[in-house]
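Single-letter residue listing:
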Amino acid sequence: MPVLGKRRLWAGVALAALALSFAGTGQASAADINNAKNAGFESGLTNWTCTAGSGTTVSSPVHSGAAALKATPAGQDNAQCSESVAVKPNSTYTLSAWVQGGYSYLGVTGTGTTDVSTWTPDTTSWKQLSTTFTTGASTTSVSVYTHGWYGQAAYYADDISVYGPDGGGGSDPAPTVPATPTGVSVSSTTSSSVSLAWSAVSGATGYNVYQNGTKITAVTGTSATVTGLAASTSYSFQVTATNSAGESGKSTAVTGTTTATGGNGGGTLPKHAVTGYWQNFNNGATVQKLSAVSSQYDIIAVAFADATSTPGAVSFTLDSSGLGGYTVDQFKADIAAKHAAGKKVIISIGGQNGTISVSDSTSATNFANSVYSLMQTYGFDGVDIDLENGINATYMTQALRSLSSKAGSSLVITMAPQTIDMQSTSNAYFQTALNIKDILTVVNMQYYNSGTMLGCDGKVYGQGTVDFLTALACIQLQGGLAPSQVGLGLPASTSAAGSGYVSPTIVNNALDCLTAGTNCGTFKPSKTYPDLRGAMTWSTNWDAAAGSSWSNSVGAHVHALP
């Protein structure tokens, strides 16, 4: 799936080694404290000042607690965030912070002796920076700062510490174990999921959810959806509140009973459905919350999950800053609202820059376990396979069948191969689709960013025409996929793809040709496929940027098909 403008062009940066001067090490005494205030950013940016509005707080990733700093360099601003810290004269302090993301710097000025700093190149996991400084004879306050580097990615910082003698300002009060949650209730159920909600607990930074006495997930908000449950079955749930001081007692148990039939998200898919990719990043298209996605979309694919250091495993981080402060709790609530409206929300794996590889049994297991974990955490209804850098049919089949065994029969599985991937049933993508035909929802091939391709009649067709859509769809329809498992994938606007955009009228004509034998071009299929699933677009954001012309036209046409 194209992600125009999302590639990061890394500029080379010449960095001089920093000479750090240590004036006495000293032993920590019983009176030593962390003099930094709001050190974990649990109170937003209170006590902190960031240049050019570069800083914000996010709920993920965090090193501890429920928040961390995210600061984004731009232009000639290096995203410096600083705080004035009270210190004691003639004293030695240890300055430390946990950082992640782009180039990260930690330092202190105004010491009255030698100001110091330290740094690290970009890192994909939390790393601690640490140095020491000594205050001068008349120094009573210093300025502690973090910053990134020009032209580099955003950095994250958490758990800042200025550890040493009390400078007179004291430290943040130590947290106490939060109270037991109250008001736990079952907000909705499906045949394979139970949604829970409860009242917020003061001082809590997270909550654990227990199913029949066993912890199954941890969340930061006051709701959770437990998936992968058996139909017509009762389950007992309890919730605890947590923070750095510990975990509360378990709440009063509530019972949730799954329904007898139906799928995740409040209902089964319509006979004819529209899929749209939602961008978890800002690349110039309209920035949207899920709640703003048009109701024409029946399946919303969240783009994209991220690769991890564990082979085959994926993770997901909401780009809260890039999406205008969209929080994880809002995101989860919007997923629940889409469910209530009968929509499906799935997590997409891959994309144009995706690097996830499932190439053996271990990575297949890691893939299934990590995707299922994301489904439990966010309430996703399934997964979209959009791997554009190759696929192993044997192990992707194993991974998806493992995921199906965990999530149940209501699991949604979609695929978005490129045109070259579906030219023959011997291709790995096509093989995978046929291998999982009994659990596959739909294949929405990308009829764009493509050269000329063969149709099912052996003739060569160029993109951008009704014939290109119908003659290539015919290969899948004749190659073993059910008509309900075939959809037409097109860009929502000329800005959404490098090539291959067609007007909604051409998409609608192709749908008519395949389902009813009308409005065809020169190619006309040997039979009609009235159960054809529908259409897909990249993306809901580009659609919104173009005034929703794609979804208003194609969406309405798909839903009007007999």
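Residues numbered from 1 in each chain as written. Predicted model: local features only at pLDDT ≥ 70, side-chain atom pairs only at ≥ 80, totals over all residues. Heavy atoms only, no water.

Novice: Provide a residue-level description of unusual backbone geometry, including the pertinent values.
Specialist: A cis amide bond links Ser60 to the next residue, Pro61, at an omega of 0°. Summarising the element assignment, Pro61 is placed in the loop between strand 3 (55-58) and strand 4 (68-71). The peptide bond linking Trp538 to Ser539 adopts the cis configuration, its omega dihedral lying at 0°. Note that Ser539 resides in the loop between strand 31 (534-538) and helix 7 (540-545). Unlike most non-glycine residues, Asn90 shows phi in positive territory, near 50°. The exposed category is assigned to Asn90, whose relative accessible area is 57%. (Helix = DSSP H or I, 4+ residues; strand = E, 2+ residues; numbered from the N terminus. Buried < 20%, exposed > 50% of the residue type's maximum accessible area, 1.4 Å probe, protein only.)

Novice: Account for the sheet that holds strand 16 (residues 223-226), with residues named and values stated.
Specialist: On the basis of which strands lie adjacent, the open sheet formed by three strands has the order 12-13-16 and antiparallel pairing. Both edges of this open sheet fall to strand 12 (185-189) and strand 16, since each of them pairs with a single strand only. The sheet shows a mean angle of 25° between the axes of neighbouring strands, direction not considered. Taken together, the four bridges between strand 12 and strand 13 (residues 194-197) define a ladder with antiparallel strand orientation. Bridge pairing in strand 13 places Ser188 opposite Ser195. (Pairing = 2+ DSSP bridges. Axes fitted to C-alpha atoms, helices over the stretch in contact; angles between N-to-C directions.)

Novice: Could you give me a rundown of the pairing of strand 7 (residues 104-109), with the residues and numbers involved?
Specialist: Of all six residues in strand 7, five are buried; the element is thus mostly enclosed. Relative to strand 8 (residues 116-120), strand 7 runs antiparallel, the two being bridged by five bridges. Its bridge partner being in strand 8, Leu106 is matched across the sheet by Thr118. Between strand 7 and the antiparallel strand that follows it, strand 8, lie six residues; Gly110 among them carries a positive phi value of about 75°. Pairing of strand 7 with strand 10 (residues 141-147) involves five bridges; the strand directions are antiparallel.

Novice: With reference to specific residues and values, describe the state of the cysteines.
Specialist: Applying the stated criterion across every chain yields a total of three disulfides. Between the sulfur atoms of Cys456 and its disulfide partner Cys474 the distance amounts to 2.1 Å. A torsion of 90° about the S-S bond marks the disulfide between Cys456 and Cys474 as right-handed. Within this pair, whereas Cys456 is found in the loop between strand 28 (453-454) and strand 29 (460-461), its partner Cys474 is found in helix 5 (residues 466-479), the two being separated by 18 residues in sequence. The class of Cys456 is partly exposed, set by a relative accessible area of 26%. (Disulfide = S-S within 2.5 Å.)

In short, geometric facts, not functional conclusions.
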